[in-house]
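# Commentary on secondary and tertiary structure
The residues making up each chain are set out below.
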Amino acid sequence: MLEIRNVTRRFGKTVAVNGVALEIPQGQMVGIIGRSGAGKSTLLRMINRLIDPSHGSIFFAGTEVSSLRGSTLRRWQRDCAMIFQQFNLVPRLDVLTNVLLGRLNHRPTALNLLNIFSREERAMAISALERLDIAQTALQRAGTLSGGQQQRVAIARALMQQPRMILADEPIASLDPLNAKVVMDALRDINLREGITVITNLHTLDTARNYCERIIGMAGGKVVFDGAPEELTREAVRMVYGADSDGAEISEAITSTSIRGEKPRKIAARTALKPALAEA
Ligand SMILES: Nc1ncnc2c1ncn2[C@@H]1O[C@H](COP(=O)(O)OP(=O)(O)OP(=O)(O)O)[C@@H](O)[C@H]1O
Ligand SMILES: [Mg+2]
């Protein structure tokens, strides 16, 4: 169980996250939605301690992770692997080496230690790549892969950390629909088969609805919706995205990953869904 207890984060006068309290049981697949600037990334980054709360605390399995230091902090950061929109691979290194770096996560001397990987670790890396269906790219330089392939390498690298949780910050925002589906399918498969908690920021409602058992909507740093996809009514969508925007109809059909053969649904609420490539 991950417990976020009344967490606030300020940047100067900006309150990026404002008194958020959440309990996330192990093994849940959670989607966080909200407009640009709602505080989604800040919340994820506090969980993995890339940044620290200004107030409040975060617990995992009874341990206060928001006060860990040194080696116990590094262990926590290995326990919650991060996936980013821009993949964060080392483009000049081959895919296999990028995946192996998951074993050395957060060690500054990683690149000097490349030849210490054991045969077992290499086998583990290959099987992670096989699982994501990209083993054939193992010896290619990571920078030569397509975006979808790179994100799969990033997931394989995350698996090498043997994490208890995967925190994904808009993992499909830079991908085309087919690759977006492959990446979301992979995250769901890991969640279901390994029981690894997945918490992912998503900029498309339909992806959150289709993949996540729980959706958390943020607005202005606060949680304004927390429930199952079925509970995310048009009114709830308005609360999350605001009814004050420019009047453009949200069309979930324009978003990229409608799957399960469902007909694209349209929602007439008005919103400011950010374009997929806004941050690219
Ligand atoms: N390092 C920082 N320094 C100053 N302000 C920051 C910093 N990080 C975030 N903020 C501010 O905090 C607020 C929340 O930002 P955050 O990145 O968490 O939003 P988000 O929901 O992830 O948005 P997006 O959908 O655009 O990624 C914004 O007003 C942002 O400008
Ligand atoms: Mg963000």
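Just so it is clear, the structure is predicted and the values come from calculations on it, not from any experiment.

Another point: the packing of helix 5 (residues 147–160) against helix 6 (residues 177–194). Where helix 5 contacts helix 6, the two axes come as close as 9 Å, and the packing angle between them is 10°. Considered as vectors, helix 5 and helix 6 are oriented roughly parallel to each other. The segment helix 5 lies against helix 6, with G147, G148, Q151, R152 and I155 engaging N179, V182, V183 and A186. In the contact of helix 5 with helix 6, the residues fall into 4 nonpolar, 4 polar and 1 charged.

The next point concerns the nonpolar core. Residues V99, A128, V153, A156, I166 and L167 are the most contacted members of the largest nonpolar core, which totals 74 residues. The element that contributes the greatest number of residues to this core is helix 5, accounting for 7 residues. Beyond its immediate sequence surroundings of up to four residues, V153 is in contact with L89, V95, N98, V99, I134, A142 and L145.

For the rest of this paragraph, the subject is the site of ligand 1. Taken together, 12 residues lie near ligand 1, and F11, A16, S36, S41 and T42 sit nearest. Of all the elements, helix 1 (residues 40–47) adds the most residues to the shell around ligand 1, at 3 residues.

Turning to the confidence of the model for the chain, a few remarks are in order. Residues at a pLDDT of 70 or more form 83% of the chain, whose mean pLDDT is 85. Confidence drops under a pLDDT of 50 for residues 245–280, and excluding neighbours within four residues, the segment shows 66 contacts in the predicted structure.

The 4 strands are arranged 2-1-4-5 in an open sheet whose pairing can be described as antiparallel. Either end of the sheet is taken by a strand with one partner, and the two such strands are strand 2 (14–24) and strand 5 (63–64). Across the sheet, helix 1 lies against strand 1 (2–11), strand 2 and strand 4 (55–60), angled at about 60° from strand 2, the strand it touches most.

The backbone phi angle of R49 is positive, close to 70°, even though this residue is not glycine. Following the sequence through the fold, R49 ends up in the loop between helix 1 and strand 4. In this structure R49 comes out as partly exposed when scored by C-beta crowding, with 19 C-beta atoms within 10 Å. A positive phi is found at D133, a non-glycine position, where the angle reads about 65°. The residue D133 is located in the loop between helix 4 (119–131) and helix 5 in this model. Look at D133 and you get exposed, because 12 C-beta atoms sit within 10 Å.

So, how was this worked out
Residue numbering note: each chain is counted from 1, following its sequence as written. All chains are assigned letters beginning with A, and all ligands numbers beginning with 1, in the order in which they are written. Given that the model is predicted, a residue must reach a pLDDT of at least 70 before its local features are reported, and side-chain atom pairs must reach 80 or more before they are shown or counted; all residues, however, enter totals for whole chains, interfaces and linings. In this description, a line fitted to the C-alpha atoms serves as the axis of each element, helices being fitted only across the stretch in contact, and the angle between N-to-C directions of two axes falls anywhere from 0 to 180 degrees. Comment: elements are numbered from the N terminus, with helices defined as DSSP H or I runs of at least four residues and strands as E runs of at least two. An angle below 35 degrees is read as roughly parallel, one above 145 as roughly antiparallel, one from 65 to 115 as roughly perpendicular, and any other as oblique. With C-beta atoms placed from the backbone, a contact is any residue pair whose C-beta atoms sit within 7 Å. Amino acids are sorted into nonpolar (Ala, Val, Leu, Ile, Met, Phe, Trp, Tyr, Cys and Pro), charged (Asp, Glu, Lys and Arg) and polar (every other residue, Gly among them). The term nonpolar core refers to a set of buried Ala, Val, Leu, Ile, Met, Phe, Trp, Tyr and Cys residues connected through C-beta atoms within 7 Å. Three exposure classes are used. Buried residues have 20 or more other C-beta atoms within 10 Å of their own C-beta, exposed residues have 12 or fewer, and partly exposed residues fall in between, all C-beta atoms being placed from the backbone. Each residue receives a C-beta atom placed from its backbone. It is near a molecule or strand if this atom lies within 6 Å of it. What pLDDT reports is the predictor's confidence in each residue, on a scale of 0 through 100. Should DSSP find at least two bridges between two strands, the strands are regarded as paired.

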